[in-house]
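Here is how the chains run, residue by residue.
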Amino acid sequence: MKLAVVLCIATGAMALAGAVLHGQQVAVDPETIGKAPVTNWTTFNGDYSGQRYSTLTQITADNVNRLEAQWVYRITEVGAQRGAPVPIIKCTPLLVNGVLYMTIPDHLWALDARTGKQIWRYDWVDHGGHLIGQRGVGIWKSTVFFQTPDNWLIALDANTGKELWRKNYADARKQYFSTSAPLVVRNHVIVGVGGDAMDMPGFLDSFDPVTGDLQWTWWSTPRKGDAALKTWPNAAAAEHGGGMTWMPGTYDPDLNLLYWPTGNTNPVFAGQGRPGANLWTEAIVAIDADTGKLKWYFQVSPHDTHDFDNTTAPILFDSTIDGKPRKLVAQAARNGFFVTLDRDTGKHLVVKPYVPLDYSSGMSKDGEPIPIADKDPQVGGSINIVNASNWPAPAYSPQTGLMYVNSVEGKAIYYLTDDSDKPSGYGGTGDGIGRSVRVLQAIDPLTGEAVWKHAYPNVKDAPTTVGPSILTTAGNLLISGDDQKNMIIFSADKGKILWHYELNANESGGIITYLLDGKQYIVLGAGDSLYAWSLSK
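Residues numbered from 1 in each chain as written. Predicted model: local features only at pLDDT ≥ 70, side-chain atom pairs only at ≥ 80, totals over all residues. Heavy atoms only, no water.

Chemist: Tell me about the overall build of the protein, and name the residues and values.
Modeler: When you go through the protein residue by residue, the secondary structure sums to 1 helix and 37 strands. Counting only C-alpha atoms, the protein reaches 65 × 50 × 50 Å along its principal axes. Burial status across the protein gives 62% buried among its 537 residues. Across the protein, the fraction of contacts at a sequence separation of at least 24, relative to all contacts at a separation of at least 6, is 61%. Carbon and sulfur atoms make up 52% of the accessible area of the protein, which amounts to about 19,400 Å² in all. In the protein, the 44 positive side-chain charges and the 53 negative ones have mean positions that sit 3 Å from each other. (Helix = DSSP H or I, 4+ residues; strand = E, 2+ residues; numbered from the N terminus. Buried < 20%, exposed > 50% of the residue type's maximum accessible area, 1.4 Å probe, protein only. Contact = heavy atoms within 4.5 Å. Areas by Shrake-Rupley, 256 points an atom, 1.4 Å probe, with all protein chains shown as cover. Lys, Arg positive; Asp, Glu negative; His and termini not counted. Charge placed at Lys NZ, Arg CZ, Asp CG, Glu CD.)

Structure (structure tokens):
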């Protein structure tokens, strides 16, 4: 494909003074946070729904061949990080008043969205935690919130990068670590946590955006006196049961409910010491944003023994069923099941496999998959599916009524390495076998059936971390990519490839689009570089 590309490489430098661009200070009206993204992108998913859908129509199927790179910001001032020989951008940038906020572990940049030039940079020196990724920041008025690998919530002046306050919310010595982007809802800054090596319980914390005071904590396994303890053998097992909250959730302002995906159960792979469903791990939970109280849950993977870390985004959408308007939430879960629920009650409408699988014997009365015990990891090995999805963002288009997910179809063999009565930590492992294929799917969330699919021509097996993320627009575009460094734009309704371009690395973060000075930009991270695209003149 012939494409005239003019790259303006903006390399890192030490912080410049202030983020006053074109006479405009960065300041967000809290009432506008989470609104449909047009000239700003104020949350991890753009709005609160998780749809990653833009109403912008300047770039369409008819002119997408005129896309031209406007600038590239390459990280040159940060070297190898623990676990990553080169920095990898896994964040979804936020955009406010012409300023982009981009992160990797321990580092946050404010960039001019018109030129890609650095405005300021904030660097953190961690004392523990894993540096496997950083998903982005939250913003409230003129304050940016950033989570560090060793579990500090940092509040920064959005215009200067000056630190305002910091709060430590988890102990890195217990193997808690943070990779998430804070979700800002009204006067709450909500953070989740990762870490499943030492059988610690997951939780969500809500902080005051001005003072940093803790407002509430919700634990993802039940405490003493809760009826859900009956799904564990005892209280001690629940208190060491995992269920991490390491990806941002979604939010319905009308119901004032957060929809959060919870991670895998601990001990990992070894379920013999924790008989029962093990609530509320591996679930979608609905939580009151003001109190942190649980309203309902739907457990996608009861008694997980395959590390089916249920952290894929739950997407909110409205529809009409049997002539009645319904508020719904859907998820393409990592265990291979697609679910659509009533988001007011949690009652299921659709529970159906979206990849080939055979580890379930049916559904419970509540619609939750019933696992087959023979498929549990064994000392001699047991075969089951690979992770069907992962943390990279899916998308939904209200224009097509379809949900889009990058999935993987394949098998793995799972071994039990700790067959004692009381295993701990990682009690097993899994390795892919045979050939696996990555498939982009457009799924009707009211039926669970795929309307179209695109199987990527993988040179090798599909990678275990499914990616990249997806963005859809009212211009009938679906923007994603393969694992061979190609950025690909499809038609959202048919899945036809409209345009592609080879980047320097695979797309690695969330994709955003915005209108600035009358021009629609598409911005995404790939490896150590952040790319900005728009139409040529």
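Chemist: Just give me the short version of the packing of aromatic side chains, but keep the residues and values in it.
Modeler: Going through the model one piece at a time under the given rule, you end up with 22 aromatic pairs. Summarising the aromatic geometry, the rings of Tyr-259 and Trp-296 are spaced 6.0 Å apart at their centres and angled 50° between planes, so their arrangement reads as tilted. Residue Tyr-259 is found in strand β17 (residues 257-261), and its partner Trp-296 is found in strand β19 (residues 294-299); the two are separated by 37 residues along the sequence. With respect to class, Tyr-259 is no different from Trp-296; both count as buried. An angle of 80° between the planes, with centres 5.3 Å apart, marks the rings of Trp-499 and Trp-533 as edge-to-face. In this pair, Trp-499 sits in strand β34 (residues 497-502) while Trp-533 sits in strand β37 (residues 529-535), placing the two residues 34 residues apart along the sequence. Under the relative-accessibility criterion, Trp-533 is labelled buried at 0%. Through pairs of rings, three or more aromatic residues link up here, namely Tyr-176, Phe-203 and Trp-219. Lying over the aromatic face of Phe-44, Arg-52 brings its terminal NZ or CZ to 4.6 Å of the ring centre. (Phe/Tyr/Trp six-rings, centres within 6.5 Å; stacked < 30°, edge-to-face > 60°. Lys NZ or Arg CZ within 6 Å of the ring centre and 35° of its normal.)

Chemist: Can you lay out the UniProt feature "domain: Pyrrolo-quinoline quinone repeat" (unreviewed entry) in the protein for me, pointing to particular residues and giving the numbers?
Modeler: According to UniProt, the "domain: Pyrrolo-quinoline quinone repeat" (unreviewed entry) feature falls on residues 41-350 and 444-522. The distance separating the terminal C-alpha atoms of residues 41-350 is 31 Å; by composition the span is 2% helix and 37% strand. (UniProt positions renumbered as here; feature names shortened; annotations may be inferred.)

Chemist: Which residues make up unusual backbone geometry, and what values go with them?
Modeler: The amide bond that connects Asn-266 to the next residue, Pro-267, takes the cis arrangement and shows omega of -10°. Secondary-structure assignment places Pro-267 in the loop between β17 and β18 (283-288). Each neighbour pair has its own omega, and for Leu-279 with Trp-280 the value is -10°, a cis peptide bond. Structurally, the position occupied by Trp-280 is in the loop between β17 and β18. Its identity is not glycine, yet Lys-141 carries a phi of approximately 55°, on the positive side. Relative to the assigned elements, Lys-141 resides in the loop between β8 (138-140) and β9 (143-147). The backbone of Asn-278 sits at a positive phi, close to 65°, despite the residue not being glycine. By the element assignment, Asn-278 lies in the loop between β17 and β18. Note on Asn-278: relative accessible area 0%, which makes it buried.

Chemist: Lay out the side chain of Asp-205 in plain terms, naming residues and giving numbers.
Modeler: By secondary structure assignment, the location of Asp-205 is in strand β14 (residues 203-207). Although Asp-205 is buried, it makes no salt bridge; Arg-223 carries the closest opposite charge, 11 Å away. Side chain to side chain, Asp-205 and Thr-217 meet in a polar contact 2.6 Å long. (Salt bridge = Lys/Arg side-chain N within 4 Å of Asp/Glu carboxyl O. Polar contact = N/O pair within 3.5 Å; in protein donor to acceptor, adjacent residues only side chain to side chain.)

Chemist: Report on the pattern of salt bridges, specifying residues and quantitative values.
Modeler: Scanning all chains against the criterion turns up 20 salt bridges. Where Asp-171 meets Arg-173, a salt bridge forms, and the shortest distance between an N and an O atom there is 3.1 Å. What makes Asp-171 partly exposed here is its relative accessible area of 22%. A single salt-bridge network, built from bridges that share partners, covers Asp-252, Asp-254, Asp-318, Lys-327 and Arg-343.

Chemist: Help me get a handle on the sheet that holds strand β16 (residues 250-252), residues and values and all.
Modeler: Here we have 4 strands laid out as an open sheet, ordered β16-β17-β18-β19, and antiparallel in their pairing. Looking at which strands have only one partner, the edges of the open sheet turn out to be β16 and β19. The mean inter-strand angle of the sheet, taken between neighbouring strand axes irrespective of direction, is 20°. One ladder, built from 5 bridges, connects β17 with β18; its direction is antiparallel. Bridging from a neighbouring strand, Pro-261 pairs with Ile-284 of β18. (Pairing = 2+ DSSP bridges. Axes fitted to C-alpha atoms, helices over the stretch in contact; angles between N-to-C directions.)

Chemist: Run through the pairing of strand β24 (residues 360-363), naming residues and quoting values.
Modeler: Bridging between β24 and strand β25 (residues 369-371) involves 2 bridges; their strand directions are antiparallel. Directly across from Ser-360, in β25, lies its bridge partner Pro-371. Count of turn residues in the β24/β25 antiparallel hairpin: 5 residues, of which Gly-367 carries a positive phi of about 85°.

Chemist: How would you explain the environment of Leu-349 if you had to name every residue and give the values?
Modeler: Position of Leu-349 relative to the elements: it lies in strand β23 (residues 348-353). Residue classification places Leu-349 among the partly exposed residues on the basis of a relative accessible area of 32%. Taking the C-alpha atoms as reference points, Leu-349 and Ser-397, 48 residues apart in sequence, are found 19 Å from one another. Once residues within four sequence positions are removed from consideration, Leu-349 is found in contact with Ile-321, Arg-326, Leu-328, Thr-340, Leu-341 and Asp-342.

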